[in-house]
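Tertiary structure, described
Chain by chain, the residues:
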Amino acid sequence: MNGLQEIKKRIRSISSTHKLTSAMKLIAAAQLRQSHRGLLWARNYENSLLQMFENVVNSLDADQRQNLRNKLPWFSIRKISLSLTLFAF
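Computed from a predicted structure; not experimentally measured.

Counting its regular elements, the protein contains three helices and zero strands. Mapped from its N terminus to its C terminus, the protein presents α and β elements in the order α-α-α. Within the protein, the proportion of its 89 residues that are buried is 12%. The long-range fraction of contacts in the protein, counting pairs at least 24 apart against all pairs at least 6 apart in sequence, stands at 71%. For the protein, the computed accessible surface area is about 7700 Å², with 60% contributed by carbon and sulfur atoms.

Let us now look at the packing of aromatic side chains. Counting across every chain of the model gives one aromatic pair. With a centroid separation of 5.1 Å and 10 degrees between ring planes, the pair formed by Trp41 and Tyr45 is classed as stacked. Taken as a pair, Trp41 and Tyr45 lie in helix H1 (residues 2-59) at a separation of four residues, close to a single helical turn.

Mean pLDDT over the protein works out to 82, with 80% of the residues at or above the 70 mark. Within the protein, the lowest mean pLDDT, 61, falls on helix H3 (residues 77-88), and the highest, 90, falls on H1.

Calculation rules
- Residues numbered from 1 in each chain as written.
- Predicted model: local features only at pLDDT ≥ 70, side-chain atom pairs only at ≥ 80, totals over all residues.
- Heavy atoms only, no water.
- Helix = DSSP H or I, 4+ residues; strand = E, 2+ residues; numbered from the N terminus.
- Buried < 20%, exposed > 50% of the residue type's maximum accessible area, 1.4 Å probe, protein only.
- Contact = heavy atoms within 4.5 Å.
- Areas by Shrake-Rupley, 256 points an atom, 1.4 Å probe, with all protein chains shown as cover.
- Phe/Tyr/Trp six-rings, centres within 6.5 Å; stacked < 30°, edge-to-face > 60°.
- pLDDT = per-residue confidence, 0-100.

Written as structure tokens, this is what we have:
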């Protein structure tokens, strides 16, 4: 009888572990979807910022662009938009 009870207990334990694992998979999938949405939002935001900065820089004449580069030697539209995207979070 002890052997049969141990087997039943083991079956219940495995079933419980399976249910718990399934629930953890669902939670992980939901978190992954949420992270993916956030990444897509950040990418769209960064693209919008990049386009805006490109429009501003393109509206400057050559002297103004050179002046901007002299004042900001690290000047890069891509770097600025990426920095602002990171601050948005």
